[in-house]
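# Observations on the model geometry
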Amino acid sequence: MSKDFDPAHNYKKTRKHVGYIERHVARPDTYEKLGFKCGLEVHQQLKTEQKLFCRCPAGIYHDFNDFDAELIRHMRPTLSEMGTYDGTALMEFKTRKNITYRIKNDTTCTYEIDDTPPFRVNREALNYAIEIALMLKTNIVGELHITRKQYLDGSIPTGFQRTAIVGIEGEIVLKDKRIRIIQLSLEEDACREISDIRHERIYSTDRLGIPLIETVTYPDLTTPEQARDAGLFIRFLNRSSGRVRTGIGSGRQDVNVSIAGGTRVEIKGVSHIRNIPELTHNEAFRQKALLLIKNLLQERILEPEKWNIRYRTINFDVSDIQYTPIRNAMEKGWKLVAVNLPKFRGVLSFFTQPGKSFADEISGRLKVIACLEYPNMIHSEDQMPVFDEKLLEKRSKILGSKPEDAQLVFWAPEEDIHTAVETIAERCRLAFLGVPNETRQALADGNTDFERVLPGADRMYPDTDSAPIPIKEELIDKIRRGLPINLENRIAQLENWKIPSHCFNYILRNNLSPLMERIITDFNIESIFLGTLLGQRLKYIEGHHEAGPEFNYDSIYHLFRLVRERDLHPEIISLLLPVHYRYPRLDFDSLLNSAGYKNYNVKKIPADISELKRIFHNLKKSIHPLAEYNWIMGQLRPAVLGNISLSELSKIVREEQSKHKEPADV
């Protein structure tokens, strides 16, 4: 690399050329100019007793080190019905992974490890899926056809996932537009990954086979915020059915993004919907960057089909290099391989995502396909170079590099070098085409990393072990008659109750509207108080304390019933709730005692206010007009809570203050 080339400057220049801006300053027209389009695939486990195609219990998890047996498998691709191979299957086969499954007898049987054909589909799961499909306004299929979807990453021991379309062509309604639903499918969940290092991948089978629904939208979402709102709506709709599991790992999203001139890229396994805007924003600009790189390369290289890399094993002395990954590789007897990329000067440091450049596109594929863990390469456009000038000259000399070329060096065992070289060449050739079809892993910082080649239609084929299942109109009508209140009406209900909007997400996420309806109806509780109690107070408690093993939201109804029976004011529940949340089995008297409740004679309030006024002025705490009122309220609140409402207390304090107003100083 020429001394006059500054990688840091090139990164900043290309970031500006891409037009990248932070998401918080982007506007809807930012995405309109990009041609931003997005669709969602929302996965949610169903709350059934048993798994989908066997009779093992669903929803029971165990520690990764708690298992009864291990099973090792090697996956290989098979021909589709059309006599072709799926690209993802071929890519996974290249990795030469050893797949180990940790099996617990309590949650796994011979079906999960592909030693037994599937049982008949779980009818409870099918009925739940039909119910949610109807809530999405989809058309229910007349006959359920179970198909196989190839997964050679080892996440399913059979090498395929059994899945079936339940409903097609529905819609959801956001504030500003209608979003079309392509389909809702019923499928079995995959294994939980324990680790994936080099050629060894380990899974737990406890989650495998749990019934799962997948809701797929059309690419109707035109901003990252719309994508988030659609994800939340589908999540809340699923939960409002009462038929789905909640908690960590029970739901996740795949997000499909494209821009004008780009192609569909799937961001896989987005666990938190709040991350969707940042991920989709950065992916849109990543695609813009890749299209600009394509234009740059096409200007430089007129015959891309003749373009090829050149590589050599480095055999000069690098023993004095202090870079730990290279030193560790040398100690293990690995090889250092230098690669020349003709006319790629300025491409490796070309901005793609915040803090990332095109070099990371290559590095990501080396990790996944060649199984070389990070960090796995250095390159000629590193902003902090590892090689000194002398070694750089040696590297360029053995490669026969020219000033307009770029170089990289990777380290690998002998047996992985061929795959690594193939991977580098393939990713560079894809740069001539723009944006490759691929699945990318969501990262916590809002960026993404390569996960696998995007699967094609070749991986889907009928399941010969499962007969079609008729879905009768009588069943559909029966389920339709029992549907819960739809989500649009639930949102309107919260608005009519005048619940603060910042409480909506928590209430809808936990499907608390039916509970609120019962409490308001049965105990005549003020809706605003109840909404903030649940959507604000309970949310805070949940974020700062660990729930007792028997706590559930319905137990809050019984708290209100006990408060009513004792003729206490409902506001006492704000004191009782933190204790009840942690110790749900505590009896009511102990609960009151732990919360500090005292039976207070409200007739004493005027006299107590008079005494508190005297103390306040003796303390000379403040001359601010509201200081006395605030201090007195603070002193009386713990004593009167449960005996009188705080609004009534406030009124009495105001009245007593006006009766005994201090004369102004002369």
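For the structure itself, consult the block above.
One structure accompanies this document, and this report is about it.

Rules used throughout
Residues numbered from 1 in each chain as written. Predicted model: local features only at pLDDT ≥ 70, side-chain atom pairs only at ≥ 80, totals over all residues. Heavy atoms only, no water. Salt bridge = Lys/Arg side-chain N within 4 Å of Asp/Glu carboxyl O. Helix = DSSP H or I, 4+ residues; strand = E, 2+ residues; numbered from the N terminus. Buried < 20%, exposed > 50% of the residue type's maximum accessible area, 1.4 Å probe, protein only. Pairing = 2+ DSSP bridges. Phe/Tyr/Trp six-rings, centres within 6.5 Å; stacked < 30°, edge-to-face > 60°. Patch = residues over 30% accessible without salt bridge, like charges linked within 9 Å, V, L, I, M, F, W, Y side chains within 5 Å. Areas by Shrake-Rupley, 256 points an atom, 1.4 Å probe, with all protein chains shown as cover. Axes fitted to C-alpha atoms, helices over the stretch in contact; angles between N-to-C directions. Parallel < 35°, antiparallel > 145°, perpendicular 65-115°, else oblique. Contact = heavy atoms within 4.5 Å. Nonpolar A, V, L, I, M, F, W, Y, C, P; charged D, E, K, R; others polar. Left-handed = near helix turned anticlockwise from the far one by under 90°.

Attention shifts here to the pattern of salt bridges. Under the criterion given, the structure shown has 43 salt bridges. Between Glu 92 and Arg 201 there is a salt bridge; the shortest N-O distance is 3.8 Å. Of this pair, Glu 92 sits in helix H3 (residues 87–94) while Arg 201 is found in strand E10 (residues 200–204), placing the two residues 109 residues apart along the sequence. Of the two residues, Glu 92 and Arg 201, both sit in the buried class. We note a salt bridge from Lys 306 to Glu 303, for which the minimum N-O separation is 3.3 Å. Judged by its relative accessible area of 60%, Lys 306 is exposed. Each of the salt bridges in this network shares a partner with another, and the network as a whole consists of Glu 283, Arg 286, Glu 361, Arg 365, Arg 427, Glu 438 and Arg 440.

Most of strand E13 (residues 265–270) sits inside the fold, with 5 of its 6 residues counted as buried. Where strand E12 (residues 251–258) meets E13, 4 bridges bridge the pair, whose relative direction is antiparallel. Bridge pairing in E13 places Val 257 opposite Val 265. Taking the residues that link successive antiparallel strands as the turn, the E12-E13 hairpin has 6 residues, and the phi of Gly 261 there is positive, at about 85°.

Below, the discussion takes up the packing of aromatic side chains. In the structure shown here, the tally under the stated rule is 16 aromatic pairs. Aromatic pair Phe 551 and Tyr 553: ring centres 5.9 Å apart, planes at 85°, arrangement edge-to-face. An aromatic cluster is defined as three or more aromatic residues linked by ring pairs; in this entry it consists of Tyr 11, Tyr 20, Phe 285 and Phe 351.

On the surface, Leu 79, Tyr 85 and Leu 90 cluster together into a nonpolar patch covering about 280 Å² of accessible area. By relative accessible area, Leu 79 is classed as partly exposed at 47%.

Bridge count between E13 and strand E20 (residues 438–442): 4 bridges; the pairing is parallel. The partner of Lys 268 across the bridge, within E20, is Gln 441. Where E20 lies against strand E21 (residues 448–453), 5 bridges are found, and the strand directions are antiparallel. By the bridge assignment for E21, Glu 438 is matched with Val 453. In this antiparallel pair of consecutive strands, E20 and E21, the connection spans 5 residues, and Gly 446 shows a positive phi of 95°.

Now for the packing of helix H5 (residues 224–240) against helix H12 (residues 487–496). Two elements in contact, H5 and H12, have axes whose closest approach is 10 Å; the angle formed by their N-to-C orientations is 95°. Compared by their axis directions, H5 and H12 come out roughly perpendicular. Note on element contacts: H12 touches H5 through Leu 487, Glu 488 and Ile 491, opposite Phe 233, Phe 236 and Leu 237. For the contact of H5 with H12, the per-class residue count stands at 5 nonpolar, no polar and 1 charged.

Moving on, we get to the packing of helix H14 (residues 513–523) against helix H16 (residues 555–565). Each pair of packed helices can be described by the angle between their axes along with the distance between the axes. Axis separation between H14 and H16 bottoms out at 10 Å; the angle between their running directions is 15°. In terms of axis orientation, H14 runs roughly parallel to H16. In this structure, the crossing between H14 and H16 has a hand that is right-handed. Between H14, through Leu 515, Arg 518, Ile 519, Asp 522 and Phe 523, and H16, the contact on the second element is made entirely by Ile 556, Tyr 557, Phe 560, Arg 561 and Arg 564. By residue class, the composition of the contact of H14 with H16 is 6 nonpolar, no polar and 4 charged.

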